[in-house]
Amino acid sequence: MFPFLSRCNMALRRVLALAAAPGRRSCCSKPSLPPDFVEALRAVVGAPNVSTATAVREQHGHDESMHPCAPPDVVVWPQAVGQVQELAALCHGRRVPMVPFGTGTGLEGGVNAVQGGVCFDLSRMDAIAELSLEDFSVTVEPGVTRKALNKHLRGTGFWFPVDPGADASLCGMAATGASGTNAVRYGTMRPNVLNLRVVLPDGRLLHTAGPGRQPRWALGLGGCAGLAVCPVAACSPALCRKRAAGYDLTSLFVGSEGTLGFLTQATLRLHPLPEATAVTIASFPSVGAAVACTVQVLQAAVPVARIEFLDEVMADACGRFSRMELPVAATLLLELHGSRRSLAEQQQQMEEIVRQNSGSSLAWAEGLDEREQLWAMRHNAWYAALALRPGCQGYSTDVCVPISRLPDVVVETKQDLQASSLTGPMVGHVGDGNFHCILVFNAQDPEEAQRIHAFTQRLGRRALAAGGTCTGEHGVGLGKRALLQEELGPEGLDTLRSIKAALDPHNLMNPGKVL
């Protein structure tokens, strides 16, 4: 997707602290699996659904991050959950590593096959298996993307709001714990995943909440409310609105980044489309004023749907790239959802808070075309940042901090960028404390590459010192394993290793990631 990436450049390895290590593969690695094993794979899915071609392997050996390409030995395209089970059992029996692949839109090297093995491309499993509007839920396979789902939902009065920008696989979004611009109102993937069908590393099948169940936040009508007993014959398990039975296995697999099993189906929570929507842009005299306004909006309990931050560098870049007139200033993009009556009240509240923080006057856009144009500008921020230095490359990193610490951390990060002489426009979903730096640099300059690496480490540790996390939505993947250890501590990391060992004792599922 990003034509400027050069994945085998040594300077990039220095940026990401990924200098060659024993067992690490590169794009020139040749397949090493025995022919009889590859034939066994073909026997399961058919010859057209197995490839050892160099170009195909390289295509599946990287995502949209700057981590160097690490291709698998073979790529398979299962088309049914039974085939995934058979393939996993084959790999488990031969102790062959397995790497899940959705759309390849990740940002932390989550699909890189650093130990080779078999890449499971799940894109051909693309059924929308069940839609239950009464239960506010839908069940999808891993080949279904968020845009495809929302297209399918047109005319129903519902939508799936989690929007990371890329048209990612919904099961892939669950695997990485994805988020996006709507998270401040509708939450991240974690509260929006109700059940998962998982193929475990040895081929066994697990439904994390039980087959056909939607145990958490399922907002269906009826169900077992008010009944002392929920008789199976009288009450479909899909209608139960809450659950306190055992460990929360669904949450365990959300954010597991393919290290515990294959997510072959996800039951997701749907949301009603709002009656009315309004969008506006507010500019501020400083980064601190824009972020302080964000905090006050949340404290005032304004039910904002999106509140996105652009620093003055990003606002200028986005305005020029998308040919929109934006002040060169710290900027907030604000979206409100609700009834027409409630929207007017929210707009009045928002205007008052913006004014108190020396923000610009607000002009609200309610038409679909205007709103789509504004959010297209925001989603093109990556390309706008790259356009600041033509011929250079980009590296996006994210952190998330408590709202109370957000103004200080954003201002300190801005000062760090300037002191480091780095081009790193800032953008973020500041309504939930999450922001990104898109670092644009010359990959042929080792000294600049080293400054990039040092800055990203300081940013991660700054977030941790503020009580935050080293990643709010990109995941750990390859690049943030050291920071994860600092974040969780030895006891936390040992607990993760124990879970991994219990489910994947031979370390075959996406090895080298997270831990």
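These numbers were taken from a predicted model, which means no experiment stands behind them.

### Description of the overall build of the protein
- Counting its secondary structure elements, the protein contains 17 helices and 17 strands.
- Within the span of the protein, comprising 515 residues, buried residues form 56% of the whole.
- Considering only contacts in the protein between residues 6 or more positions apart, those separated by 24 or more positions represent 73%.
- As displayed, the protein has an accessible area near 20,600 Å², and 53% of this comes from carbon and sulfur atoms.

### A closer look at the nonpolar core
- In this structure, Phe309, Leu332, Met350 and Phe435 are the most contacted members of the largest nonpolar core, which totals 44 residues.
- For this core, the leading source of residues is helix H10 (residues 287-299), giving six residues.
- Every residue in contact with Leu332, bar those within four places of it in the chain, is listed here: Thr280, Ile281, Ala282, Phe284, Ala290, Cys293, Thr294, Ile307, Glu308, Phe309 and Val430.
- Phe136, Ala168, Cys171 and Ala266 belong to the second-largest nonpolar core, a separate cluster that totals 28 residues.

### Thoughts on the confidence of the model for the protein
- Residue-level pLDDT values for the protein average 88, and 88% of them are 70 or greater.
- Contacts from residues 1-22, a stretch scored under 50 in pLDDT, to residues over four places away or in other chains number 55 contacts.
- Note on residues 214-237: pLDDT is under 50 here. Beyond four places in sequence and across chains, it has 45 contacts.

### Thoughts on the pattern of salt bridges
- For the coordinates displayed, the defined rule picks out 20 salt bridges.
- Between Arg204 and Asp202 there is a salt bridge, with its nearest N and O atoms 2.8 Å apart.
- In this structure, Glu448 engages Arg389 in a salt bridge whose closest nitrogen and oxygen atoms are separated by 2.6 Å. Of this pair, Glu448 sits in helix H16 (residues 446-465) while Arg389 is found in the loop between helix H14 (381-386) and strand E15 (393-400), placing the two residues 59 residues apart along the sequence.
- One continuous salt-bridge network, built from bridges that share partners, spans Glu412, Asp416, Arg458 and Arg462.

### Examining the packing of H10 against helix H15 (residues 406-419)
- In the contact formed by H10 and H15, the axes pass within 9 Å of each other and the chain directions differ by 155 degrees. Compared by their axis directions, H10 and H15 come out roughly antiparallel. Here the hand of the crossing between H10 and H15 comes out right-handed. Taken together, the residues of H15 that come into contact with H10 (itself represented by Val287, Gly288, Val291 and Val295) are Leu406, Pro407, Val410 and Val411.

### Remarks on the packing of aromatic side chains
- Taken as a whole and judged by the stated rule, the model has three aromatic pairs.
- On the numbers, 5.1 Å between centres and 90 degrees between planes, the contact of Phe136 with Phe158 is edge-to-face. Of this pair, Phe136 sits in the loop between strand E5 (128-132) and strand E6 (137-140) while Phe158 sits in strand E7 (residues 158-159), and the two are 22 residues apart along the sequence. The pair formed by Phe136 and Phe158 is uniform in burial state, with each residue classed as buried.
- Summarising the aromatic geometry, the rings of Trp159 and Tyr186 are spaced 5.5 Å apart at their centres and angled 85 degrees between planes, so their arrangement reads as edge-to-face. Here Trp159, found in strand E7, pairs with Tyr186, found in helix H7 (residues 183-186); they are 27 residues apart in sequence, far enough to count as distant. With respect to burial, Trp159 and Tyr186 carry one shared label: buried.
- Directly above the aromatic system of Trp375 lies the positively charged group of Arg306, at a separation of 4.4 Å from the ring centroid.

### Quick word on the environment of Val199
- Tracing the sequence through the fold places Val199 in strand E8 (residues 193-199).
- Separated by 115 residues in sequence, Val199 and Val84 have C-alpha atoms that sit 7.1 Å apart.
- If sequence neighbours within four positions are ignored, Val199 has contacts with Val81, Val84, Gln85, Ala88, Arg204, Leu205, Gly261, Phe262 and Thr264.

### What to know about the packing of H10 against helix H12 (residues 340-356)
- Their axes nearest at 9 Å, the elements H10 and H12 cross at an angle of 145 degrees. For H10 against H12, the interelement crossing comes out right-handed. Counted together, Cys293, Gln296 and Val297 of H10 and Met350, Ile353, Val354 and Gln356 of H12 form the full contact between these two elements.
- Among the residues making up the contact of H10 with H12, the classes are represented as five nonpolar, two polar and no charged.

### Brief notes about the sheet that holds strand E4 (residues 118-121)
- Spatially, the four strands line up as an open sheet ordered E1-E2-E4-E3, and their pairing is mixed. With one partner strand each, in any of the chains shown, strand E1 (50-51) and strand E3 (98-101) form the two edges of the open sheet.
- Alignment of E3 against E4, held across four bridges, turns out to be parallel. Bridging from a neighbouring strand, Met98 pairs with Val118 of E4.
- Sitting on the sheet, helix H4 (residues 81-94) touches strand E2 (74-76), E3 and E4, and the angle it makes with E4 is about 170 degrees.

### Focus on unusual backbone geometry
- The backbone of Glu257 shows a phi angle near 60 degrees, a positive value even though the residue is not glycine.
- Inspection of the secondary structure assignment puts Glu257 in the loop between helix H9 (249-253) and strand E10 (262-269).
- Residue Arg323 is not a glycine yet carries a positive backbone phi of 55 degrees.
- Structurally, Arg323 can be placed in the loop between helix H11 (312-322) and strand E14 (330-338).

Conventions adopted
- Residues numbered from 1 in each chain as written.
- Predicted model: local features only at pLDDT ≥ 70, side-chain atom pairs only at ≥ 80, totals over all residues.
- Heavy atoms only, no water.
- Helix = DSSP H or I, 4+ residues; strand = E, 2+ residues; numbered from the N terminus.
- Buried < 20%, exposed > 50% of the residue type's maximum accessible area, 1.4 Å probe, protein only.
- Contact = heavy atoms within 4.5 Å.
- Areas by Shrake-Rupley, 256 points an atom, 1.4 Å probe, with all protein chains shown as cover.
- Core = buried A, V, L, I, M, F, W, Y, C linked by side-chain atoms within 4.5 Å.
- pLDDT = per-residue confidence, 0-100.
- Salt bridge = Lys/Arg side-chain N within 4 Å of Asp/Glu carboxyl O.
- Axes fitted to C-alpha atoms, helices over the stretch in contact; angles between N-to-C directions.
- Parallel < 35°, antiparallel > 145°, perpendicular 65-115°, else oblique.
- Left-handed = near helix turned anticlockwise from the far one by under 90°.
- Phe/Tyr/Trp six-rings, centres within 6.5 Å; stacked < 30°, edge-to-face > 60°.
- Lys NZ or Arg CZ within 6 Å of the ring centre and 35° of its normal.
- Nonpolar A, V, L, I, M, F, W, Y, C, P; charged D, E, K, R; others polar.
- Pairing = 2+ DSSP bridges.

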